[in-house]
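# Structural description and commentary
Each chain, written out:
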Amino acid sequence: MFFQPAILALLLASGLGLAALLVASPWVLQLVRHWDLRSGSRLQLVLERRTYLLSTLVGFVLVVQMASLLLFVFNADRMAVQFVGAMCAVGTLQANSYGFPALYAQLAVFFLASGWLVLHAADARAPDYPLTRLKFVLMVAVLLPAVALSFGLQWLYFGNLSADVITSCCGSLFSVEATDLGGDLAGLPPGPTLWVYALTLLLAMAAAAWQIWRGRAAGLLGVLSVAAFVVAITGIISFLSLYIYEHPHHHCPFCILKPEYGYRGYLLYIPLFAATAAGIGVGILGRVKHLPSLQGVAPVLARRLAWVALLGFGFYLLLSLGMVWQSGLILLEAA
């Protein structure tokens, strides 16, 4: 399994990213300890030059890590044909006990990386770099452990894959009869879930619009973006997947990525993830906008991210409701 190109690409991206962060860590610790923009010492000048290199390196690593999430899911779906019992990415991820933890770690890295990049963008636009110490502390204390955990879980997952394993299909995980979280989500009543789904996304869009207009909804947009993401994934499992498959018992959120369903999953997930990351980024900017040098920077950047959140959530909501409208399944009337 290790020698498949997609697996090698994922492990190389994660491993090299982790190695780059580890190599940069001693310099980062020195920068955090001695950074003082008011000083004109030789050490401060060296640190100021070094921070550009470190920021570029970390930013590149994090962008690659974010893109790896898409490759990880795509690869899991394509590998399903190699396992007996697997029909989609669910079967591949259930081939051993490290599959879903590796996916969850990738999700965590995605959103942590997006938040760090927002901090970096704000810091780079301020004349006195007020977030330099904070962003590098977060790199060492949060991002480095997260990337290390993600790499470790991927290594264990791919290293323990065996084509002789008989895995289970998505129907066993996302079904009303299942006793875990997947079963609970699949068993939610579609009618009320649809109303909560639409209302939560509309509230997130309203918060984004208010942030664009008045600039006073940063914290609210951050919270509602997280809520909208959770509710959106719940809605996909509960009712939206049924309309896409036109089948009253197929709740899988991964099969919608397949070509026989027009890759509609990518059309849904990409704007959802982008909007959620942007909304969280606005919430982060709301926590640092009080800094004097960021008072003219943070609102402009937050407004741009709020536009991404508004358009992303709006596109996702309209597309998902359009899929419900065009489906041949009459689920709500039957319910």
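Moving on: unusual backbone geometry. One non-glycine residue, tyrosine 129, adopts positive backbone phi at about 50 degrees. Of note, tyrosine 129 is situated in the loop between α4 (99-125) and α5 (132-159). Since its relative accessible area comes to 25%, tyrosine 129 is described here as partly exposed. Look at tyrosine 263: it is not a glycine, yet its phi comes out positive at around 55 degrees. Tracing the sequence through the fold places tyrosine 263 in the loop between α9 (218-245) and α10 (264-288). Relative accessible area serves as the criterion here: at 35%, tyrosine 263 is assigned to the partly exposed category.

Summed over the entire model, instances satisfying the criterion amount to 18 aromatic pairs. Pairing tyrosine 52 with tyrosine 129 gives two aromatic rings, centres 6.3 Å apart and planes at 90 degrees, and the pair type is edge-to-face. Of the two residues, tyrosine 52 sits in helix α2 (residues 42-78) while tyrosine 129 sits in the loop between α4 and α5, which places them 77 residues apart along the sequence. Consider the rings of phenylalanine 110 and phenylalanine 111, whose centres lie 5.1 Å apart with planes at 90 degrees: the pair is edge-to-face. Taken together through their ring pairs, the aromatic side chains of Phe110, Phe111, Phe229 and Phe273 make up a single cluster. Its end group placed over the ring of tryptophan 27, arginine 50 keeps NZ or CZ at 5.2 Å from the ring centre. The residue whose ring lies beneath arginine 214 is tryptophan 213, and the NZ or CZ to ring-centre distance is 5.6 Å.

Looking now at the pattern of salt bridges. Evaluation of the coordinates by the stated rule reveals 2 salt bridges. We note a salt bridge from lysine 258 to aspartate 77, for which the minimum N-O separation is 3.3 Å. Of this pair, lysine 258 sits in the loop between α9 and α10 while aspartate 77 sits in helix α2; the two residues are 181 residues apart in sequence, bridging distant segments of the chain. Residue class for lysine 258 comes out buried when judged on its relative accessible area of 12%. The buried category is assigned to aspartate 77, whose relative accessible area is 6%. Between aspartate 123 and lysine 135 there is a salt bridge; the shortest N-O distance is 3.1 Å. Of the two residues, aspartate 123 is situated in helix α4 and lysine 135 in helix α5; the sequence distance between them amounts to 12 residues. We classify aspartate 123 as buried; its relative accessible area is 1%. A relative accessible area of 2% places lysine 135 in the buried class.

Conventions used here
- Residues numbered from 1 in each chain as written.
- Predicted model: local features only at pLDDT ≥ 70, side-chain atom pairs only at ≥ 80, totals over all residues.
- Heavy atoms only, no water.
- Helix = DSSP H or I, 4+ residues; strand = E, 2+ residues; numbered from the N terminus.
- Buried < 20%, exposed > 50% of the residue type's maximum accessible area, 1.4 Å probe, protein only.
- Phe/Tyr/Trp six-rings, centres within 6.5 Å; stacked < 30°, edge-to-face > 60°.
- Lys NZ or Arg CZ within 6 Å of the ring centre and 35° of its normal.
- Salt bridge = Lys/Arg side-chain N within 4 Å of Asp/Glu carboxyl O.

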